[in-house]
Each structure stands twice: as structure tokens, then as C-alpha cells.
Amino acid sequence: MDKRLQAIAENFDKMKIGVDEPFKFNCTMCGKCCKGRTDILLNPKDVFNLAKELDMAPIQVIEKYCEVYVGESSRIPIVRLVPIGPYQICPLLKGNRCSVHNAKPTVCAIFPIGRAFSLPVEEAGKARFTGKDIQYILQPITCGDKRKEHTVREWLSDFNIPVDDQFFVDWQTSVCKIGASIQEIEKTFPESVMGQIFNLIFASAYVNYTTTQDFKEQFDKNIAKVVELVEMLPKKLGDFYKFIKENGGGDSDG
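Quick caveat: nothing in here was measured; it's all calculated off a predicted structure.

## A word on empty space enclosed by the protein
Then step 1. Overall, the coordinates contain 1 cavity of 30 Å³ or more when judged by the stated rule.
Then step 2. Its boundaries defined by the atoms lining it, the largest cavity holds a volume of some 40 Å³.
Then step 3. Lining the largest cavity are I76, P77, W171, V175, I178, I201, A205, I223 and V226.
Then step 4. Of all the secondary structure elements, the ones that give two or more residues to the lining of the largest cavity are α7 (166-185), α8 (191-207) and α9 (215-232).

This is the structure:
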């Protein structure tokens, strides 16, 4: 786990802030928060928004700016924005300005606010989150100044993100469900098969979108396919291979 994320996880309760609790922060556009960050993880909506803003396909955005790996604890494909050079500068930073300001990744948009759900690991597969379960934190502020006061609710609204963000609820619920199933599947399936499973999850969750169409409708359909897949796998191996072929998760030459 990234050291910064680990520090947040270990101090999460101390960093909590209520949605209508004030905090002081003013962005001076110094670009400091866009440098030295190796923990910018993109969710499917982030990838979609960037693709639409940059007039690229989602897979092109990922191939140009990101890396993909399987999360050590989540056991699902993770998409991480890869910083550039010895100073680890965000690849989307131009000068000290974000070149995709209107479509910047959610974790960047809401900084210095962070958000998560708190759930015991053993209950992850049974997650039933709601917007009221979202918890917010105020991250350490090492840039800008404190000339302006905001509430979390006001800060999020600047990027049209509701405090009870339904997409965030749906995505995190899906991550927990899929991850719990994958942990069981990995006990039975060989590595070669797991590779195909991860490829299909990645394609369905992050890639198979048309940016001229509504994101949420496509996401709901795609993620439902993934959940269906991981739930049926232990019993229907044959259907799995058929599912892969029909949904583009297999090798391009086969």
C-alpha cells in the first residue's frame, strides 16, 4: 500500500470531518498537490470523464496515462495515474495548472477532502452501503493557504458531487462484492484462468464505454455483468468461457 494511503488508513478516525463542519483551505494554484503523488487511483467514472474530455477512448487514456494491477486486498483491477520523472509530476499537469480541470479525477477534485466507507474486512462481501454511510476526512494540507472557509458539502458541490454520491456507493459496494468472490475463486482456479477473469473485469468495469452515451446506464449494465460472472464461476466453468468470448475478455487473436 502507498505510504500516504497507509497513513490515512491508520489515522482515519482522527481525520474525520462532518459534511457541514467547516475547514479552511484556499488553492493558490502552486501545483504542489499534483507532484509526488503515487496514490491517484481512478474509478470507472474518472476514466470515462477523462476520455470524454480528451476525446479519447477509455482504453487509450489508460494506456497513455495509467498502469493497471490487481489490488492486494481488494482483488480487483486497479487503475493508477502514473506520475512522470524524478519529481513524480502528474502527467495531466501543464505548468502548475490541471489540463483537465473540468474532468479531473475525483480524489483530486475533492482534495483536501477524502472519503471512504468503514467496514470490517470479514463483512466486505455482504456490503450494503448507502449514501449515509460515506465518511469524510480532512487530509493534511501542505499547499495553498487558509484564507477561505468551506464546509465539506459546499466543497463537493463545486464539482457537482453530492455528499451521498450514489455512484460512489454503487462502485464501492461492487468492489466489495467482486473482491470477496474473487478471493474464493482464487482458491480453485489456476493462474491462467484468473488472468482471463481479471482481464474481463477490467474491460467491463473500466473500458467498455461509449463517451457519447450516458455513463451511469453503461456502468450499471457493465458492473452487473461482472457481479453475475464472479457469482456463477464456481458452478459454471463452461459458461465462463462462453461469457468471455461474448464480452470481449479473451485474447484478441483467439
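## A look at the sheet that holds strand β3 (residues 66-70)
The strands making up a sheet associate through hydrogen bonds between their backbones, and the pairing can be parallel or antiparallel.
Then step 1. The 3 strands lie next to each other as β2-β4-β3, forming an open sheet whose pairing is antiparallel. The strands lining the two open edges of the sheet, one partner per strand, are β2 (41-42) and β3.

## Regarding the pattern of salt bridges
Then step 1. Within the structure shown, the criterion is met by 10 salt bridges.
Then step 2. D20 serves as the salt-bridge partner of R153, at 2.8 Å between the closest nitrogen and oxygen. Of this pair, R153 sits in helix α6 (residues 152-157) while D20 is found in the loop between α2 (12-15) and β1 (22-26), placing the two residues 133 residues apart along the sequence.
Then step 3. What makes R153 partly exposed here is its relative accessible area of 39%.
Then step 4. D170 is paired through a salt bridge with K216; the nearest N and O atoms lie 3.0 Å apart. Placement of the pair is D170 in helix α7 and K216 in helix α9, with a sequence separation of 46 residues.
Then step 5. Accessibility expressed as a relative area gives 25% for K216, which makes it partly exposed.
Then step 6. A single network of salt bridges, built from pairs that share partners, joins D170, K216 and D220.

About the criteria used
- Residues numbered from 1 in each chain as written.
- Predicted model: local features only at pLDDT ≥ 70, side-chain atom pairs only at ≥ 80, totals over all residues.
- Heavy atoms only, no water.
- 1 Å grid on protein atoms, 1.4 Å probe; cavity = no way out; pocket = protein on both sides within 12 Å on 5 of 7 lines; lining within 4 Å.
- Points joined across faces, edges and corners; volume = space filled by probe spheres on them.
- Helix = DSSP H or I, 4+ residues; strand = E, 2+ residues; numbered from the N terminus.
- Pairing = 2+ DSSP bridges.
- Salt bridge = Lys/Arg side-chain N within 4 Å of Asp/Glu carboxyl O.
- Buried < 20%, exposed > 50% of the residue type's maximum accessible area, 1.4 Å probe, protein only.

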